[in-house]
Amino acid sequence: MTREDPAAGTTTRHITCVLCEASCGLQVTLDADQRIQDLRGHADDPLSRGHICPKAFALQDIHDDPDRLQRPLRKIDGEWVQVSWHEAIEHVARRLHEIQTAHGRDAVGVYLGNPNVHSLGALTHNLQLVRTIRTRNVFSATSVDQLPHQVVAWMLYGHQFLLPVPDIDRTDLLVLIGHNPMASNGSIWTVPDFPQRRRDLASRGGRMVVIDPRRTETAKVADEHHFIRPGTDAFALLAILRELLAKGDRAAAYIDGLDRVREAVEPFTPEVAESVSGMRATAIVDLADALWSAKRAAVHGRMGLSTQAHGVVGQWAVQVINIVTGNLDREGGTMLSSPVIDIIAKGIIGPGKLGHRRSRVRDLPSMGGELPVSVLREEIETPGEGQIRAMVTVAGNPVSSTPAGDRLGAAFAGLDFMVAIDFYLNETTRHADVILPPTAPLERDHYDLIFHTLAVRNTARFSEALYEPAAHQRHDWQIARDLTLALLRERGQRPSLQQQARLRLSPRRQVDLLLRTGSPRTSVRQLTRTPAGLDAGAHVSRLPGRLWTKDKRIDVAVDTVLEQVHALAAAVDGDATWRPEPDELLLIGRRHQRDNNSWLHNAPRLTRGRSRHQLLMHPGDARERGIEDGMRVDVSSTAGRVQVEVALTEDMMPGVVSLPHGYGHDRDGVAMTHARGLPGVSINDLTDPLRVESVSANAVLNGVPVRVTGSNGIDPRTVDKHAEDFV
Ligand SMILES: Nc1nc2c(c(=O)[nH]1)N[C@H]1C(S)=C(S)[C@@H](COP(=O)(O)OP(=O)(O)OC[C@H]3O[C@@H](n4cnc5c(=O)[nH]c(N)nc54)[C@H](O)[C@@H]3O)O[C@H]1N2
Ligand SMILES: Nc1nc2c(c(=O)[nH]1)N[C@H]1C(S)=C(S)[C@@H](COP(=O)(O)OP(=O)(O)OC[C@H]3O[C@@H](n4cnc5c(=O)[nH]c(N)nc54)[C@H](O)[C@@H]3O)O[C@H]1N2
Ligand code: SF4
Ligand SMILES: [Mo]
């Protein structure tokens, strides 16, 4: 809705911030020249309640950025040349068709990056493009992120997107594992204004417990924080489950399989868990007691739990803990949303299936039609039928965001053809032959198909584009549409009527149709008249009705998971990555409130001030290595080596070091325009694609063994007393 103030010459508009999962409603005041005069959180928004974070201002920086691409680029003899949309699309379609004709469908690979889920047009139209390409080689950021969540949801609840979220506004005990919402603003959990919700929890007399190898911003505002050795959460969680099951169970009537689980977790005594994880046995027992006695409790595990060696067991244990304590589907526990547009019921997202296919070279399982991105490079470099010879990347930067990204970049450089749909020239898109830049967030309509589903409250908000795109610009849905149609033309095929309808209907029209059949029924028109959006209230109990399992029951004794649980029990005394060599440290990642994965490093307001790319290290670990604060150190792993400055802090668990991801913008001596010479290195030059999560093949980004040496040449291998310092 637009509100004009003729006297002041200003207009007030309401938009949605798409820069993270919190999806805040914003209020923008434009001056007479349509420039943003004021940007703030929209106080009346029922979901975000006026919240805003510093990143929101980057929306304007992106819009104004002279380095943002607006017209297609084609690389001709190594030089970027601006070409027309027609020429660019026809060229891409012709090359993809030629390569598929010569080498088969699977010769084209697709990578879909994170911002796709934040773009309505990408959600409504990219699927058509991917389906038309018809390749088995589809990858996305899911497998460097929340894949274990989806696998566990599919195993337990029958659908990869039945993802319960903590009912933070009504709980008494919130337990966060490997999650730092004070910086990230929440994930697989749309919880705008986490800081205020956390304060409200405290005023109600509720408590928050954080388990994390770093004393994070969230740990600092928690009532309790426990260090845990990276990669070992499964042990602590299985021990908590064992303690709980010894007390009894409050599982709902539709739960099966608890006896088998009780048996499987028997070896995980608190003492065994402490010996592996470093989390104290007493803390494990106390946390189990607290979960049992709390009237309402919610446990949520995120990035730190998913992107480690046993992420599926960990995420499964989180769900089973919520089930056993009777907190699943209960007010103040973890709940499923009832979104106005139910993307599950409408079939917009399928249930998924693990291992429907396997990757060609390493035989790793697919999930929901995608292969794990850790196999991408080998699928490009290994000759044979099905080898990838061309890539389509959409809104992603896998050179920066996936394991051994530097080597993936080299593989991209050797492709026959590559096209990137992205508005920046970055570490990945620079390898493309054609870049197709879509409009930026302020130039497009928005509705959160995904994040309304993961939100802490049932609301619906449609925001119209703040700015009309210029004639030379294209929306992402138009690019997907035009490319799909051009590909079909190359093949001499006509789109089916259904395909035509899907392609030609704008995202706005598609959302309108979905809203008109939504619950409650509404429309785009209605929503744009109420800029705060529609408030359909707090979550209500939805189980067992909403389950996608055949018998509408939940069997917690999932064979694949229990096999892993047995294997972990057997591994307690064996060789394992959580017991690194005496001179090794375990590397983990981190996020900062003003970083956004690998981009926005050219947004002036986000990159001012002190640098934040350093390797964080505990002073004790530094002393043993003769390393001093600020020193440049060598960090090496099985995958690679980087040099970076160190910052010493007691916030790190001894034996653990941390680097943020999304840095390292200078590649082969080329500084990326989207980062303006920001210092730092890429953590993913150290992560190893050969280390994948045991069930889902999600990338292991946390708990990576590394060696760190000071530039003075002291060899830390001479230090062997390090192991005792862990616990
Ligand atoms: N070691 C380590 N690695 C990690 C992580 C970690 O914690 N540690 N985190 C992982 C996680 S959770 C994620 S989600 C991934 C993210 O990894 P990716 O999704 O591969 O990368 P992003 O940095 O999100 O790249 C976003 C790109 O999309 C472009 N873009 C932005 N908006 C749009 C749009 O609307 N349309 C189009 N077409 N392009 C757009 C930007 O210009 C940028 O180039 O990184 C993962 N990698
Ligand atoms: N400001 C900002 N916000 C973001 C993003 C961003 O880049 N910047 N990215 C967005 C995206 S794509 C995502 S997916 C979300 C992610 O949101 P979060 O899940 O909050 O991600 P992180 O901040 O990386 O937090 C992961 C935590 O896990 C801890 N950790 C690492 N290894 C282990 C382990 O083995 N065990 C345990 N228990 N903890 C461990 C780390 O120390 C870290 O504190 O954030 C989103 N929001
Ligand atoms: S918390 Fe996320 S959605 Fe809200 S303003 Fe910040 S970046 Fe935007
Ligand atoms: Mo992510």
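What counts, and at which threshold
The written sequence of each chain sets the order in which its residues are numbered from 1. All chains are assigned letters beginning at A, and all ligands numbers beginning at 1, according to the order in which they are written. For a predicted model such as this one, the threshold for reporting local features is a pLDDT of at least 70, and the threshold for listing and counting side-chain atom pairs is 80 or more; totals across whole chains, interfaces and linings nevertheless cover every residue. To obtain the side-chain values, all non-hydrogen atoms of the structure were used and water was disregarded. Helix and strand assignments follow DSSP, with helices taken as H or I runs no shorter than four residues and strands as E runs no shorter than two, numbered in order from the N terminus. Each reported salt bridge corresponds to a side-chain nitrogen of Lys or Arg within 4 Å of a carboxyl oxygen of Asp or Glu. Partly exposed describes any residue whose relative accessible area lies between the buried limit of under 20% and the exposed limit of over 50%, with all areas from a 1.4 Å probe on protein chains only and scaled to the type maximum. The contact rule is simple, with two residues in contact once any of their heavy atoms fall within 4.5 Å. For every residue, the pLDDT score states the predictor's confidence, bounded by 0 at the bottom and 100 at the top. Any two strands with at least two DSSP-identified bridges between them are counted as paired. Inter-axis angles, ranging from 0 to 180 degrees, are taken between N-to-C directions of lines fitted to C-alpha atoms, where helices are fitted over the stretch in contact. For each residue, the test is whether any non-hydrogen atom lies within 4 Å of the molecule or strand; if one does, the residue is near. For the purposes of these results, a polar contact is taken to be a pair of N or O atoms within 3.5 Å, where, inside protein, one atom must be able to donate a hydrogen and its partner to accept one; residues adjacent in sequence count only when each atom of the pair is a side-chain atom. Residue exposure ignores everything except the shown protein chains as possible cover, and the areas themselves are Shrake-Rupley values with a 1.4 Å probe. Polar here means any residue other than Ala, Val, Leu, Ile, Met, Phe, Trp, Tyr, Cys and Pro, which are nonpolar, and Asp, Glu, Lys and Arg, which are charged; Gly is therefore polar. Stacked, edge-to-face and tilted are the three classes for Phe, Tyr and Trp ring pairs, Trp counted by its six-membered ring, which pair at centre distances within 6.5 Å; planes under 30 degrees apart are stacked, over 60 edge-to-face, the rest tilted. The rule for a charge over a ring is simple: NZ of Lys or CZ of Arg within 6 Å of the ring centre, and within 35 degrees of the ring normal. The cut-offs work like this: below 35 degrees is roughly parallel, past 145 is roughly antiparallel, 65 to 115 is roughly perpendicular, and the gaps in between are oblique. Crossing handedness is defined as follows: a turn of the near helix away from the far one that is anticlockwise and smaller than a right angle gives a left-handed crossing, while the clockwise case is right-handed. For a helix, the expected span equals 1.5 Å multiplied by the number of residues minus one. One axis is fitted to the seven residues ending at the residue and one to the seven starting there. The bend at that residue is the angle between these axes.

Sorry, what's going on with the environment of Arg508 here?
Here Arg508 lies in helix 19 (residues 507-516). Put simply, Arg508 and Glu98 are 410 residues apart on the chain and 34 Å apart in space, counted from C-alpha to C-alpha.

Quick question: what am I supposed to make of the pattern of salt bridges here?
Pairing between side chains becomes possible if they bear opposite charge and their charged atoms approach one another. The tally for this structure, following the rule as stated, stands at 44 salt bridges. A salt bridge links Glu87 to Arg74; the nearest nitrogen and oxygen atoms lie 3.2 Å apart. Of this pair, Glu87 sits in helix 2 (residues 85-103) while Arg74 sits in strand 5 (residues 73-76), and the two are 13 residues apart along the sequence. Measuring nitrogen to oxygen at the nearest pair gives 3.4 Å for the salt bridge that ties Arg214 to Glu217. What makes Arg214 buried here is its relative accessible area of 8%.

Would you mind going over the side chain of Thr549 with me for this structure?
Considering the arrangement of structural elements, one finds Thr549 in the loop between strand 24 (534-535) and strand 25 (554-555). The class of Thr549 is buried, set by a relative accessible area of 15%. Beyond its immediate sequence surroundings of up to four residues, Thr549 is in contact with Leu156, Tyr157 and Gly158.

Looking at this model, I keep getting lost on the confidence of the model for the protein chain. Mind explaining?
Do not read the predicted coordinates in detail wherever pLDDT is low. Model confidence for the protein chain is summarised by a mean pLDDT of 95, while 97% of its residues fall at 70 or above. Segment residues 713-727: pLDDT under 50, and 31 contacts once partners within four positions in sequence are set aside and those in other chains are kept.

Is there a simple way to think about the sheet that holds strand 6 (residues 79-82) in this case?
Strand pairing in a sheet is mediated by backbone hydrogen bonds. Such pairs are either parallel or antiparallel. Spatially, 7 strands are ordered 6-5-20-19-18-7-8 in an open sheet, and the strand pairing comes out mixed. Only two strands of the sheet have a single neighbouring strand rather than two, namely strand 6 and strand 8 (138-140). Sheet twist, expressed as the average angle between the axes of neighbouring strands with direction ignored, equals 20 degrees. Two strands pair when backbone bridges link them, and strand 7 (residues 108-112) and strand 18 (residues 390-394) are joined in this way by 5 bridges, in the parallel orientation. Residue pairing across strands places Gly109 opposite Met391, the latter belonging to strand 18.

What's the story with helix 19 in this structure? I'm lost.
For an α-helix, 3.6 residues make a turn, and residues three or four places apart therefore share a direction. Restricting attention to buried positions, one finds in helix 19 the residues Pro507, Gln510, Val511, Asp512, Leu514 and Leu515. Elements in contact with the buried residues of helix 19: helix 3 (120-133), strand 21 (446-447), strand 23 (462-463), helix 17 (476-490), helix 18 (497-504) and helix 20 (524-529).

Looking at this model, I keep getting lost on the sheet that holds strand 4 (residues 36-41). Mind explaining?
Taken in spatial order, the 4 strands make up an open sheet running 1-2-3-4, and their pairing is antiparallel. One side of each edge strand has no neighbouring strand; the edge strands of this open sheet are strand 1 (3-5) and strand 4. Each strand axis lies, on average, 20 degrees off the axis of its neighbour in the sheet, ignoring direction. Bridging between strand 3 (residues 25-30) and strand 4 involves 5 bridges; their strand directions are antiparallel. Bridge pairing in strand 4 places Leu26 opposite Gly41.

Just checking my understanding: could you explain the site of ligand 2 for this structure?
Looking at ligand 2, there are 32 residues lining it, with Ser184, Asp212, Asp233, Asp595 and Asn597 nearest. With respect to ligand 2, the backbone of Ala183 contributes an N or O atom lying 3.2 Å from a nitrogen atom. Take Asp233: an N or O atom from its side chain is 2.6 Å from a nitrogen atom of ligand 2. Coverage of ligand 2 by the protein chains reaches 98% of its 920 Å² of free accessible surface. Secondary structure elements with two or more residues in the shell around ligand 2: helix 5 (181-184) and helix 12 (303-306). For the shell around ligand 2, the residue count by class is 8 nonpolar, 15 polar and 9 charged.

How do you make sense of the site of ligand 1 when you look at a structure like this?
For ligand 1, the set of nearby residues contains 28 residues, the closest of which are Asn114, Ser401, Asp422, Arg444 and Ser598. Take Asn114: an N or O atom from its main chain is 2.6 Å from an oxygen atom of ligand 1. Side-chain polar atom of Arg591 to an oxygen atom of ligand 1: 3.1 Å apart, as the coordinates give it. Protein coverage of the free-state accessible area of ligand 1, which is 920 Å², stands at 97%. Taken together, the residues of the shell around ligand 1 break down into 14 nonpolar, 10 polar and 4 charged.

Sorry, what's going on with the packing of aromatic side chains here?
Two aromatic rings are characterised by how far apart their centres lie and by the angle between their planes. Under the defined criterion, the tally for this structure stands at 4 aromatic pairs. Consider the rings of Phe235 and Phe268, whose centres lie 5.8 Å apart with planes at 55 degrees: the pair is tilted. Here Phe268 lies in the loop between helix 9 (258-264) and helix 10 (270-277) and Phe235 lies in helix 8 (residues 233-247), a separation of 33 residues in the sequence. Both residues of the pair, Phe235 and Phe268, count as buried. Through a chain of ring-to-ring contacts, the aromatic side chains of Phe423, Tyr424 and Trp599 assemble into a single cluster. In this structure, Arg250 packs its charged tip against the face of Trp292, placed 3.7 Å from the ring centre.

Help me understand the environment of Ser541 in this model?
One can find Ser541 in the loop between strand 24 and strand 25. In this structure the C-alpha to C-alpha distance between Ser541 and Leu336, which are 205 residues apart in sequence, comes to 7.5 Å. Excluding residues within four positions of it along the chain, Ser541 makes contact with Asp329 and Met335. A distance of 2.8 Å separates the side chain of Ser541 from the side chain of Asp329, its partner in a polar contact.

How do you make sense of unusual backbone geometry when you look at a structure like this?
Note: most peptide bonds trans; most residues except glycine with negative phi. Here the amide bond leading from Ser519 into Pro520 is cis, since omega sits at -5 degrees, within 30 degrees of zero. Mapped onto the secondary structure, Pro520 falls in the loop between helix 19 and helix 20. Between Leu543 and the following residue, Pro544, the backbone shows a cis peptide bond with an omega angle of 5 degrees. Tracing the backbone through its elements, the reader meets Pro544 in the loop between strand 24 and strand 25. With phi around 50 degrees, Arg49 is a residue other than glycine that occupies positive phi space. Relative to the elements of secondary structure, Arg49 occurs in the loop between strand 4 and helix 1 (58-64). In this structure Arg49 comes out as partly exposed when scored by relative accessible area, which is 33%.

Can you walk me through the packing of helix 8 against helix 13 (residues 311-324) in this structure?
A pair of packed helices is characterised by two quantities: the angle between their axes and the separation of those axes. Viewed as axis vectors pointing N to C, helix 8 and helix 13 meet at an angle of 20 degrees, and their least axial separation amounts to 9 Å. Taken together, helix 8 and helix 13 sit at an angle that is classed as roughly parallel. With respect to the hand of their crossing, helix 8 and helix 13 are arranged in left-handed fashion. Contacts from Ala234, Leu237, Leu238, Ile240, Leu241, Leu244 and Leu245 of helix 8 reach helix 13 at Val313, Gly314, Trp316, Ala317, Val318, Val320, Ile321 and Val324. In terms of residue class, the contact of helix 8 with helix 13 is made up of 14 nonpolar, 1 polar and no charged.

Explanation requested: helix 3 in the structure shown.
Between its first and last C-alpha atoms helix 3 spans 21 Å; for 14 residues at 1.5 Å apiece the expected length is 20 Å, and the two agree. Most pronounced at Asn126, the bend in helix 3 amounts to some 35 degrees. Judged by how many residues are buried, helix 3 sits mostly within the fold: 11 of 14 residues are covered. Along helix 3, the residues that are buried comprise Leu120, Gly121, Ala122, Thr124, His125, Asn126, Gln128, Leu129, Val130, Thr132 and Ile133. Arg134 occupies a position one or two residues after helix 3 and carries a positive phi of about 55 degrees.

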